[in-house]
Amino acid sequence: MTDTFEGMWAELLPVGRSASSGGYRRFAWNSADAECRAWFEEQARARGLTYELDRNGNQWAWLGDPQAGGAVVTGSHLDSVPDGGAFDGPLGVVSSFAALDELRARGAEFAKPLAIVNFGDEEGARFGVACIGSRLTAGVLSPEQAYELRDADGVRLPDAMERAGYDPTAIGADTDRLGRIGAFVELHVEQGRYLAEDRPVGVASAIWPHGRWRFDFHGEANHAGTTRIEDRRDPMLTFANTVLSARKKAGLAGALATFGKVAVEPNGTNAIASLVRGWLDSRAADEATLTALVAEIERAASERGERDGVRVELTRESYTPVVDFDGPLRDRLAKVLGGVPVLPTGAGHDAGILASAVPTAMLFVRNPSGVSHSPAEHAEVADCLAGVTALADVLEDLACQPS
Ligand code: GLV
Ligand code: MN
Ligand code: MN
């Protein structure tokens, strides 16, 4: 078993890893993504599972009849944020294959179909919207909306898909597929430091509501050396002020607000910018707090913009409402695992998207670094193996009895 998990882990480890940062650059439809997908297909076929690529580019590996209904599905994603860590996503996929191996070694007899899934473009690193594969499947992102998405180089999502050999005309809601799933369980590395020292595995209770908003600060390009201070319409000032004010307001609200991405035009050292585009990621324990916080940040940005002669435009690029995971399924997992911690998370997941259509649960594996979306993300091998055993226990409970 150890060999199985560690062997798979070692195979994936170099894929898409930057030599300079040590972080991963596995973005939707790029070559590293293709390598990860090839790896998934190979794992499926090596185990004699039925391999399937769905209309939205998600990969499935089936034990049993995919059409039978009541399937127990597990899995996660293989893509990464820019310079992400090794565990966010791949831990869930590798653990799923390892858990299936463990169940076979136990001689488990399956009463229901079991599937392992790799959802495409979970992080939204390339096209700005997270969980594109699961959102399309659940019908919460329409094909028309997806066709409008572009990456930083202006490449449209359907063109990127087509270049990677996939058919973009097929994308769209896949409710029949979701209707054949009886339960979805995603194992994921824990992304803060919320599991105590003696608890390698936990069960998720909820996902905080969260979203992405793009602020466009429109100013006027001009010469850095000749434009008098009073003549400037500098959007960088409005942006900088907005970042500070977002941080302050989030702190007061007990919420989170992060500007982690920025684009500047024309982006010259000796030119006042004409446009600063800043992306806000904001999250809170409840939707009222989140909505009020973003409205306050927008107000602060506009007020400051008036002083700076800068026009501020706000676009909501994605939004995920609060997710309360299925109560009976959550309790069932906690019971099978014998009183493990049950905790909420501020991180988004495909499980959060599926939860609106399918009874869904999550398992978390301890992350002693408390760091994620960074090469410093970590989980000890012993904890990963505890995660595999926990996932196998849960899948056995769910898939090896008639209900
Ligand atoms: C995904 O990992 C997110 O929480 O943004
Ligand atoms: Mn992530
Ligand atoms: Mn993830």
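Please read all numbers here as calculations on a predicted model, not as lab measurements.

1. So, the overall build of the protein chain
Okay, so step 1: The helix and strand inventory of the protein chain stands at 12 helices and 15 strands.
Okay, so step 2: For the protein chain, the C-alpha radius of gyration of 22 Å lies close to 22 Å, the compact-globule estimate for 403 residues.
Okay, so step 3: For the C-alpha atoms alone, the extent of the protein chain along its principal axes is close to 80 × 45 × 40 Å.
Okay, so step 4: Here the protein chain, with 403 residues, has 53% of them falling under the buried criterion.
Okay, so step 5: Counting only contacts in the protein chain whose residues sit at least 6 apart along the sequence, the fraction spanning at least 24 positions is 77%.
Okay, so step 6: A total of about 16,900 Å² of accessible surface is found on the protein chain, and carbon and sulfur atoms cover 49% of it.
Okay, so step 7: Across the protein chain, 39 positive and 58 negative side-chain charges occur, with their mean positions spaced 4 Å apart.

2. Quick word on the site of ligand 1
Okay, so step 1: All residues in the neighbourhood of ligand 1 are listed as Glu 123, Arg 283, Ala 347, Gly 348 and His 373.
Okay, so step 2: The side chain of Arg 283 places a nitrogen or oxygen atom 2.8 Å from an oxygen atom of ligand 1.
Okay, so step 3: Protein chains bury 94% of the 190 Å² of accessible surface belonging to ligand 1 in isolation.
Okay, so step 4: According to the grid-proximity analysis, the pocket containing ligand 1 is the largest pocket.
Okay, so step 5: A per-class count over the shell around ligand 1 returns 1 nonpolar, 2 polar and 2 charged.

3. A closer look at the coordination of the manganese ion (ligand 2)
Okay, so step 1: Donor atoms from the polypeptide that coordinate the manganese ion (ligand 2) comprise Asp 88 (OD), Glu 123 (OE), Glu 123 (OE) and His 373 (NE2), at 2.0 to 2.7 Å from the metal.
Okay, so step 2: Summarised as a motif, the one-chain spacing of the donors to the manganese ion (ligand 2) is D-x34-E-x249-H.
Okay, so step 3: Here the manganese ion (ligand 2) and the manganese ion (ligand 3) are spaced 3.6 Å apart, and both take Asp 88 as a donor. Note that Glu 123 is positioned in the loop between β4 (114–119) and α4 (132–138) and His 373 in the loop between β15 (360–365) and α12 (381–399), a separation of 250 residues in sequence.
Okay, so step 4: Classification of Glu 123 by relative accessible area gives buried; the value is 6%.

4. Some remarks on the pattern of salt bridges
Okay, so step 1: One pass over the full model with this rule turns up 25 salt bridges.
Okay, so step 2: Glu 317 is the partner of Arg 214 in a salt bridge, and the nearest nitrogen-oxygen pair spans 3.2 Å. Of this pair, Arg 214 sits in strand β7 (residues 210–218) while Glu 317 sits in strand β12 (residues 311–320), and the two are 103 residues apart along the sequence.
Okay, so step 3: Arg 214 gets classed as buried once you look at its relative accessible area, which sits at 18%.
Okay, so step 4: Among the salt bridges present, the one from Lys 249 reaches Glu 296, with a minimum N-O distance of 3.6 Å. Remark: Glu 296 occurs in helix α9 (residues 287–308) and Lys 249 occurs in helix α8 (residues 235–253); sequence separation between them is 47 residues.
Okay, so step 5: Under the relative-accessibility criterion, Lys 249 is labelled partly exposed at 24%.
Okay, so step 6: Classification of Glu 296 as partly exposed rests on a relative accessible area of 31%.
Okay, so step 7: Through salt bridges with shared partners, one network takes in Glu 52, Asp 54, Asp 174 and Arg 177.

5. What about empty space enclosed by the protein?
Okay, so step 1: Inspection of every chain in the model, using the stated rule, returns 4 cavities of 30 Å³ or more.
Okay, so step 2: Size it by volume and the largest cavity reaches roughly 60 Å³.
Okay, so step 3: Trp 29, Asn 56, Gly 120, Asp 121, Ile 132, Gly 133, Leu 136, Leu 157 and Met 161 are the residues that line the largest cavity.
Okay, so step 4: Looking at the lining of the largest cavity, the elements with two or more residues in it are α4 and α6 (157–163).
Okay, so step 5: Sort the elements by how many residues they give to the lining of the largest cavity and α4 lands first, with 3 residues.
Okay, so step 6: Its residues placed into classes, the lining of the largest cavity shows 5 nonpolar, 3 polar and 1 charged.

6. Details of the coordination of the manganese ion (ligand 3)
Okay, so step 1: In this structure, His 77 (NE2), Asp 88 (OD) and His 188 (NE2) serve as the protein donors to the manganese ion (ligand 3), at separations of 2.0 to 2.2 Å.
Okay, so step 2: For the manganese ion (ligand 3), the single-chain donor residues occur in sequence as H-x10-D-x99-H.
Okay, so step 3: For His 77, a relative accessible area of 0% puts it in the buried group.
Okay, so step 4: For His 188, a relative accessible area of 1% gives the class buried.

Analysis parameters
- Residues numbered from 1 in each chain as written.
- Chains lettered and ligands numbered in written order.
- Predicted model: local features only at pLDDT ≥ 70, side-chain atom pairs only at ≥ 80, totals over all residues.
- Heavy atoms only, no water.
- Helix = DSSP H or I, 4+ residues; strand = E, 2+ residues; numbered from the N terminus.
- Rg over C-alpha atoms; globule rule 2.2 N^0.38 Å.
- Buried < 20%, exposed > 50% of the residue type's maximum accessible area, 1.4 Å probe, protein only.
- Contact = heavy atoms within 4.5 Å.
- Areas by Shrake-Rupley, 256 points an atom, 1.4 Å probe, with all protein chains shown as cover.
- Lys, Arg positive; Asp, Glu negative; His and termini not counted.
- Charge placed at Lys NZ, Arg CZ, Asp CG, Glu CD.
- Near = heavy atom within 4 Å.
- Polar contact = N/O pair within 3.5 Å; in protein donor to acceptor, adjacent residues only side chain to side chain.
- 1 Å grid on protein atoms, 1.4 Å probe; cavity = no way out; pocket = protein on both sides within 12 Å on 5 of 7 lines; lining within 4 Å.
- Sits in = over half its atoms within 2 Å of the grid points.
- Nonpolar A, V, L, I, M, F, W, Y, C, P; charged D, E, K, R; others polar.
- Donors = N, O, S within 2.8 Å, 3.2 Å for Na, K, Ca; no water.
- Salt bridge = Lys/Arg side-chain N within 4 Å of Asp/Glu carboxyl O.
- Points joined across faces, edges and corners; volume = space filled by probe spheres on them.

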